[in-house]
Amino acid sequence: MKLISAISAGSGAVNEDGLGFVGTGDQISAAWIFDGVTGINNRNYLPGGSDAAWLVARANQHLHVLAATTLSLKDILLQLVQRLVTEWNEIAPTLNLPIDYDPPAACLTLVKNYRGRWRALRLGDSCLFAMFADELKIRLVESPNNNFDAWLSQAAKKRRTEGVTDIKALLAEFRPQLIAARKTRNTPGGYGILEVGMATLQHAEFSELGSSDAIMICTDGFYRAVDHYRLFSDQQLLSKCLCDHGVEDVLREIRDTEHADPDCIEFERFKPADDATALVLRT
């Protein structure tokens with residue numbers, strides 16, 4: 001497949017998203033996106049802008065090597081986690097971490113071509129779409145964490161109407177609930193996500209994409225164009241992003257919508273804006 005477009009835009013000082021691919025623009029053999037999970041510690045402990053950004057940067061570097069091999073997706077994930085564990089064990093003793101430290105995590109979606117057929121690995125709530133003959137056939141947007149995210153958005157909206165609008169204040173107020181939700185990561189009944197721990201391996205979602213004509217992967221910050229702001233349907237979003245400058249146009253509409261609703265009143269959400277990443281491939 002050809003790389004049609006790829007974009008990753010932060011919503012603040014540090015972009016905790018990431019993306020990468022293997023191959024040239026006209027012949028891509030693997031591609032992936034990351035969505036680093038916003039930390040809820042009282043400060044950042046790791047280098048790289050934020051703890052989540054550190055994890056994304058390290059994992060991204062490793063995937064450039066691992067995704068270029070013929071390893072299966074399960075083995076790529078195994079070696080990725082093993083490398084992250086090794087690096088964490090080297091750096092963690094120097095950090096003086098608090099007892100209630102919230103460790104870094106990230107959503108990961110990886111697609112890879114195996115002898116003409118595409119396969120996907122998904123951890124977290126980033127989204128994946130595959131098109132066959134100009135028709136959207138595969139749509140992966142759901143996550144077990146979506147219900148908690150919806151509750152959090154509603155609770156934050158209520159507090160905003162009561163005068164609490166600072167995101168740091170909201171994070172501090174809802175920290176107990178966030179900690180409780182994050183303890184369900186990579187547990188039975190919880191949700192899968194990339195983190196520094198072998199439990200990650202048991203909770204990845206694998207999908208067969210076959211001989212897709214087009215594939216798009218995007219983080220939830222980009223998918224806000226559909227599920228929050230109702231600017232597009234899934235089919236419209238994919239069709240738009242397959243056009244010249246389509247991804248940039250979608251991102252511009254997302255940011256315009258967020259800037260027009262900074263207090264999250266018209267469109268209910270926890271954060272006024274989110275990092276947004278999308279990558280589009282086509283035959």
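First, a word on what this report is: a plain description of the structure on this page. (Residues numbered from 1 in each chain as written. Predicted model: local features only at pLDDT ≥ 70, side-chain atom pairs only at ≥ 80, totals over all residues. Heavy atoms only, no water.)

1. Overview of the pairing of strand E7 (residues 135–140)
Moving on, step 1. Both strand E6 (residues 127–132) and E7 contribute to a ladder of five bridges, which runs antiparallel. Pairing of Ala 130 across the sheet is with Ile 138, part of E7.
Moving on, step 2. The hairpin turn running from E6 into E7, its antiparallel successor, is two residues long, and Ala 133 in that turn takes a positive phi close to 50°. (Pairing = 2+ DSSP bridges. Helix = DSSP H or I, 4+ residues; strand = E, 2+ residues; numbered from the N terminus.)

2. Quick look at the packing of aromatic side chains
Moving on, step 1. Taken as a whole and assessed by the stated rule, the structure comprises eight aromatic pairs.
Moving on, step 2. Pairing Phe 174 with Phe 270 gives two aromatic rings, centres 6.4 Å apart and planes at 75°, and the pair type is edge-to-face. One end of the pair, Phe 174, is in the loop between helix H4 (167–173) and helix H5 (175–182); the other, Phe 270, is in the loop between helix H8 (246–260) and strand E11 (276–282), and 96 residues separate them in sequence.
Moving on, step 3. Cation over ring: Lys 74 sits above Phe 206, and NZ or CZ is 5.6 Å from the ring centre.
Moving on, step 4. Across the ring face of Tyr 114, the terminal group of Arg 119 is positioned such that the distance to the ring centre comes to 5.1 Å. (Phe/Tyr/Trp six-rings, centres within 6.5 Å; stacked < 30°, edge-to-face > 60°. Lys NZ or Arg CZ within 6 Å of the ring centre and 35° of its normal.)

3. Details of the packing of helix H7 (residues 234–241) against H8
Moving on, step 1. Put simply, H7 and H8 touch, their axes get as near as 7 Å, and they point 125° apart. Between H7 and H8, the angle is such that the two are oblique. Residues Leu 237, Lys 240 and Cys 241 of H7 form the contact with H8, whose participating residues are Gly 246, Val 247, Asp 249 and Val 250.
Moving on, step 2. Residue composition of the contact of H7 with H8, by class: four nonpolar, one polar and two charged. (Axes fitted to C-alpha atoms, helices over the stretch in contact; angles between N-to-C directions. Parallel < 35°, antiparallel > 145°, perpendicular 65-115°, else oblique. Contact = heavy atoms within 4.5 Å. Nonpolar A, V, L, I, M, F, W, Y, C, P; charged D, E, K, R; others polar.)

4. Details of helix H2 (residues 73–91)
Moving on, step 1. For H2, spanning 19 residues, the distance from its first C-alpha to its last is 27 Å, which sits close to the expected 27 Å at 1.5 Å a residue.
Moving on, step 2. Listed in full, the buried residues belonging to H2 are Leu 73, Ile 76, Leu 77, Leu 80, Val 81, Leu 84, Glu 87, Trp 88 and Ile 91. The buried side chains of H2 occupy one side of the element, clustering within an arc of 125° when seen end-on. The outward face of H2, more than 90 degrees from its buried face, is lined by the exposed residues Lys 74, Asn 89 and Glu 90.
Moving on, step 3. Contact partners of the buried residues in H2: helix H1 (51–66), strand E4 (105–114), strand E5 (117–123), strand E8 (194–195) and strand E9 (205–210). (Expected span 1.5 Å × (residues − 1). Buried < 20%, exposed > 50% of the residue type's maximum accessible area, 1.4 Å probe, protein only. Arc of directions from axis to C-beta.)

5. Details of empty space enclosed by the protein
Moving on, step 1. The full count for this structure, using the stated rule, is one cavity of 30 Å³ or more.
Moving on, step 2. Here the largest cavity is characterised by a volume of approximately 50 Å³. (1 Å grid on protein atoms, 1.4 Å probe; cavity = no way out; pocket = protein on both sides within 12 Å on 5 of 7 lines; lining within 4 Å. Points joined across faces, edges and corners; volume = space filled by probe spheres on them.)

6. Quick word on H1
Moving on, step 1. Its 16 residues place the ends of H1 23 Å apart at the C-alpha level, agreeing with the 22 Å of an ideal helix rising 1.5 Å per residue.
Moving on, step 2. Those residues of H1 not exposed but buried are Asp 51, Ala 52, Ala 53, Trp 54, Leu 55, Val 56, Ala 59, Asn 60, His 62, Leu 63 and Leu 66.
Moving on, step 3. In this structure, the buried side of H1 is in contact with strand E2 (17–24), strand E3 (27–36), H2, E4 and E8.

7. Quick word on the state of the cysteines
Moving on, step 1. For the structure on display, the rule yields zero disulfides.
Moving on, step 2. Sulfur of Cys 107: no disulfide; nearest cysteine sulfur belongs to Cys 127 and is 9.5 Å away.
Moving on, step 3. Given a relative accessible area of 5%, Cys 107 falls into the buried group.
Moving on, step 4. Here Cys 264 is not cross-linked by a disulfide; its sulfur's nearest cysteine counterpart is in Cys 127, at 19 Å. (Disulfide = S-S within 2.5 Å.)

8. Some thoughts on the packing of helix H6 (residues 220–227) against H7
Moving on, step 1. Put simply, H6 and H7 touch, their axes get as near as 9 Å, and they point 125° apart. Classified by the angle their axes make, H6 and H7 are oblique. The element H6 and its partner H7 pack so that their crossing is right-handed. Along the contact surface, H6 presents Phe 222, Tyr 223, Ala 225 and Val 226, while H7 presents Asp 234, Leu 237 and Cys 241.
Moving on, step 2. Considering only residue class, the contact of H6 with H7 consists of six nonpolar, no polar and one charged. (Left-handed = near helix turned anticlockwise from the far one by under 90°.)

9. Considering the nonpolar core
Moving on, step 1. Within the largest apolar cluster, 32 residues are counted, with the highest numbers of intra-cluster contacts made by Trp 32, Leu 80 and Leu 194.
Moving on, step 2. Elements supplying a minimum of two residues to this core: E3, H1, H2, E4 and E5.
Moving on, step 3. No other element matches the eight residues that H2 contributes to this core.
Moving on, step 4. Aside from chain neighbours lying at most four places away, what touches Leu 80 is Ala 59, His 62, Leu 63, Leu 66, Leu 108 and Leu 194.
Moving on, step 5. Membership of the second largest hydrophobic core comes to 28 residues, among which are Tyr 229, Phe 232, Ile 254 and Val 280. (Core = buried A, V, L, I, M, F, W, Y, C linked by side-chain atoms within 4.5 Å.)

10. Details of the sheet that holds E6
Moving on, step 1. Taken in spatial order, the five strands line up as E1-E11-E10-E6-E7 in an open sheet, and their pairing is antiparallel. Each end of this open sheet is capped by a strand with a single partner; those strands are strand E1 (2–9) and E7. Each neighbouring strand pair of the sheet contributes to a mean axis angle of 10°, computed without reference to strand direction.
Moving on, step 2. Sheet topology places E6 next to strand E10 (residues 214–218); five bridges connect them, and they run antiparallel. Bridge pairing in E10 places Ala 130 opposite Ile 215.

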